[in-house]
Amino acid sequence: MPNKSQLILIVDDEPDIRELLEITLSRMGKETISAENITTATNMLAEHDVDLCLTDMKLPDGNGIDLVKQISIKYPDLPVAMITAHGNMESAIEALKAGAFDFISKPVDLKTLRHLIDTALKLPHHIPDESSSDELELLGDSAAMQETRNKIAKLARSQAPVYISGESGVGKELVARLIHNKGPRMDKPFIPVNCGAIPNELMESEFFGHKKGSFTGAVNDKQGLFQAADSGTLFLDEVADLPLQMQVKLLRAIQEKAIRPIGGNDEIPINVRILSATHKDLANLVTANQFRQDLFYRINVIELKVPSLRERTEDVPVLVNHFLKLIATEWQVDIPTLNEQAMQLLMNYSFPGNVRELENILERAMTLCENSDISGEDLSLPDDNVATELDEITEITRDINIDDPSLSVDESFSLDPALDNTQREAITQALEKTRYNKTAAAKLLGITFRQLRYRIKKLGIE
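Below is a summary of the structure that appears in this document. (Residues numbered from 1 in each chain as written. Predicted model: local features only at pLDDT ≥ 70, side-chain atom pairs only at ≥ 80, totals over all residues. Heavy atoms only, no water.)

In terms of regular secondary structure, the chain is built from 20 helices and 16 strands. Evaluated residue by residue, the chain yields a buried proportion of 47% over its 462 residues. For the chain, restricting intrachain contacts to residue pairs at least 6 apart in sequence, the fraction spanning at least 24 positions comes to 70%. Per element, the accessible surface of the chain, about 23800 Å² overall, is 48% carbon and sulfur. (Helix = DSSP H or I, 4+ residues; strand = E, 2+ residues; numbered from the N terminus. Buried < 20%, exposed > 50% of the residue type's maximum accessible area, 1.4 Å probe, protein only. Contact = heavy atoms within 4.5 Å. Areas by Shrake-Rupley, 256 points an atom, 1.4 Å probe, with all protein chains shown as cover.)

Moving on, we get to helix H13 (residues 316-331). In this model H13 runs 22 Å from its N-terminal to its C-terminal C-alpha over 16 residues, within 8% of the 22 Å that 1.5 Å per residue would give. Within the span of H13, buried status applies to Val316, Leu319, Val320, Phe323, Leu324, Ile327 and Ala328. For H13, the buried positions fall inside an angular range of 155° around the axis, keeping them on one side. Contacts made by the buried residues of H13 are with strand E15 (337-338), helix H14 (340-348), helix H15 (354-368) and strand E16 (373-374). Gln332 lies just past H13 and shows a positive phi near 60°. (Expected span 1.5 Å × (residues − 1). Arc of directions from axis to C-beta.)

Take the packing of aromatic side chains next. This structure, assessed with the given rule, holds six aromatic pairs. Both rings, one in Phe207 and one in Phe226, keep their centres 6.3 Å apart while their planes meet at 50°; by these two values the pair is tilted. In this pair, Phe207 sits in helix H8 (residues 203-208) while Phe226 sits in helix H9 (residues 225-228), placing the two residues 19 residues apart along the sequence. Accessibility expressed as a relative area gives 1% for Phe207, which makes it buried. The exposure class of Phe226 is buried, given its relative accessible area of 0%. Taken together, a centroid distance of 4.8 Å and an interplanar angle of 75° make the contact between Tyr349 and Phe351 edge-to-face. We note that Tyr349, like Phe351, is buried. Three or more aromatic residues link up through ring pairs in this structure, and these residues are Phe207, Phe208 and Phe226. In this arrangement the basic side chain of Lys257 is found over the ring face of Phe103, its NZ or CZ atom lying 4.6 Å from the centre. (Phe/Tyr/Trp six-rings, centres within 6.5 Å; stacked < 30°, edge-to-face > 60°. Lys NZ or Arg CZ within 6 Å of the ring centre and 35° of its normal.)

Looking at the element boundaries, Arg273 is found in strand E13 (residues 273-278). One buried charged residue, Arg273, remains without a salt bridge, the closest side chain of opposite sign being Asp102 at 8.3 Å. Leave out the neighbours within four places in its chain, and Arg273 touches Leu155, Ala156, Ser158, Gln159, Ala160, Val162, Ile179, Arg185, Gly232, Thr233 and Leu234. (Lys, Arg positive; Asp, Glu negative; His and termini not counted. Salt bridge = Lys/Arg side-chain N within 4 Å of Asp/Glu carboxyl O.)

As a further point, take the nonpolar core. A general trend in soluble globular proteins is that nonpolar side chains are found buried together. Within the largest apolar cluster, 32 residues are counted, with the highest numbers of intra-cluster contacts made by Phe207, Phe226, Leu234, Leu236, Leu282 and Phe291. Where this core is concerned, the elements lending two or more residues are strand E9 (190-194), H8, H9, strand E10 (233-237), helix H10 (244-256), helix H11 (282-287) and helix H12 (293-299). For this core, the element with the highest residue contribution is H10, accounting for five residues. Membership of the second largest hydrophobic core comes to 30 residues, among which are Leu67, Ala95, Ala100 and Phe103. (Core = buried A, V, L, I, M, F, W, Y, C linked by side-chain atoms within 4.5 Å.)

Our next topic: the sheet that holds strand E1 (residues 7-11). Read across the open sheet, the five strands follow the order E2-E1-E3-E6-E7; overall the sheet is parallel. Strands at the two margins of the open sheet, each flanked by one partner only, are strand E2 (31-35) and strand E7 (102-105). Strand after strand, the sheet turns through a mean of 20° between neighbouring axes, direction not considered. Relative to E7, strand E6 (residues 80-84) runs parallel, the two being bridged by four bridges. (Pairing = 2+ DSSP bridges. Axes fitted to C-alpha atoms, helices over the stretch in contact; angles between N-to-C directions.)

Here the focus is the sheet that holds E10. Strand order across the open sheet formed by five strands is E9-E10-E13-E8-E14, with parallel pairing between neighbours. Edge strands, defined here as strands with exactly one partner in the open sheet, are E9 and strand E14 (302-305). Sheet twist, expressed as the average angle between the axes of neighbouring strands with direction ignored, equals 20°. Examined bridge by bridge, E9 and E10 share five bridges and lie parallel to one another. Bridging from a neighbouring strand, Pro192 pairs with Phe235 of E10.

The geometry of helix H1 (residues 15-27) relative to helix H5 (residues 110-120) is characterised by a closest axis approach of 11 Å and an angle of 60° between their N-to-C directions. In terms of orientation, H1 and H5 fall into the oblique class. For the element pair H1 and H5, the recorded crossing hand is right-handed. Listed contacts from H5 to Leu20, Leu21, Thr24 and Leu25 of H1 are Leu110, Leu113, Arg114 and Ile117. A breakdown of the residues in the contact of H1 with H5 according to their chemical character gives six nonpolar, one polar and one charged. (Parallel < 35°, antiparallel > 145°, perpendicular 65-115°, else oblique. Left-handed = near helix turned anticlockwise from the far one by under 90°. Nonpolar A, V, L, I, M, F, W, Y, C, P; charged D, E, K, R; others polar.)

Moving on, we come to the pattern of salt bridges. Within this structure, the stated rule accounts for 12 salt bridges. Salt-bridge contacts for Glu173 lead to Arg177; the nearest nitrogen and oxygen are separated by 3.1 Å. Remark: Arg177 and Glu173 occur in helix H7 (residues 172-181); sequence separation between them is four residues, near one turn of the helix. When its relative accessible area of 31% is taken as the criterion, Glu173 is described as partly exposed. One network of salt bridges, with partners in common, ties together Glu14, Asp56 and Lys106.

Following this line, the structure appears as structure tokens:
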């Protein structure tokens with residue numbers, strides 16, 4: 001069966017613009033219908049099965065953004081692209097926030113228009129079910145995670161810049177990858193970059209590339225991150241760490257959709273969707289003049305807040321099972337089980353490090369546990385009460401005669417280092433008594449060999 005011809009609705013009150021768009025789309029093999037105002041466009045949408053709508057911003061009977069809002073409500077599967085006046089970024093951003101797929105500025109560049117149309121028409125006809133399977137997935141059935149997955153599915157159908165906010169360890173990069181993978185750019189590159197990991201002196205070259213001989217050490221032409229992500233997605237992780245000088249250059253690249261490599265004479269057009277993230281409060285940084293306000297508004301067209309783990313504690317058992325299977329597969333061991341006490345401790349824990357911390361806790365517990373059975377003690381949660389920690393110290397030192405086991409602690413002395421020092425001294429004495437036989441030292445201390453090995457690593461005992 002041949003594919004149904006794709007129909008595009010053009011809404012513009014200027015006959016010359018409509019004719020130009022009709023000719024261009026005809027050469028692309030697309031069928032078109034045209035309307036000169038919102039009223040006619042609304043009637044045509046009711047009568048025809050339209051695949052894409054191109055609308056001007058200013059129309060005789062209203063604003064193009066009003067049409068975008070109508071379509072977003074009545075025809076949520078239909079992508080709308082806004083045609084804006086040159087340099088009018090405020091209107092473009094307003095259109096994106098209203099639900100437009102993308103925007104294009106006058107005078108219309110035909111190459112850019114063709115790419116926009118090709119990208120928009122790759123969208124599935126229906127918003128994917130938030131529970132649909134994906135190689136990458138956000139686990140959890142809590143209301144917060146269901147809402148997050150629904151937002152990801154909707155944002156994947158747009159080209160609007162998305163600012164992904166949330167605490168460290170919540171999975172912001174995973175969210176960015178899902179937005180990319182569920183959208184029309186899924187078969188194009190997804191390029192993540194940690195903005196805080198690039199030295200300042202190399203930042204411009206990393207983002208925009210350079211020409212051979214442009215500076216000492218530039219022995220070859222180098223492609224920058226923007227070019228590597230062309231037609232795909234560039235994910236700016238920890239964007240708050242960008243120095244102010246680089247923020248200016250980044251803003252220009254995003255607004256002009258073009259970059260100039262170091263040493264280059266010509267600008268290179270780029271077609272990249274920008275996703276960004278940071279665990280810092282960007283709004284506060286703007287107020288403190290540490291982050292440019294214009295760049296903040298440009299990357300923060302739509303904000304997606306990823307919930308912390310303590311906001312969805314009902315998802316902890318699902319995540320625990322997932323990570324235990326993952327770690328066991330990697331280590332090629334049997335999947336351990338958590339007893340009821342251990343699970344309850346995790347359910348009551350605040351997880352300042354979120355999902356990343358949970359994975360680390362379970363990896364540590366699998367190292368310490370006996371017979372693939374994880375107890376509350378194996379978790380070694382930082383919030384364990386002091387009495388439990390002191391009992392553990394007493395157990396370690398019970399068979400060892402330490403000259404002065406008491407500790408003199410004042411208000412300026414942290415308890416954790418004191419406990420670490422006691423453990424370090426006990427373990428060191430046990431190792432010396434057993435001539436550094438770890439198996440015998442573990443037996444002397446009354447702990448398992450794996451527990452001793454973990455504590456030696458944790459305490460940095462050579």
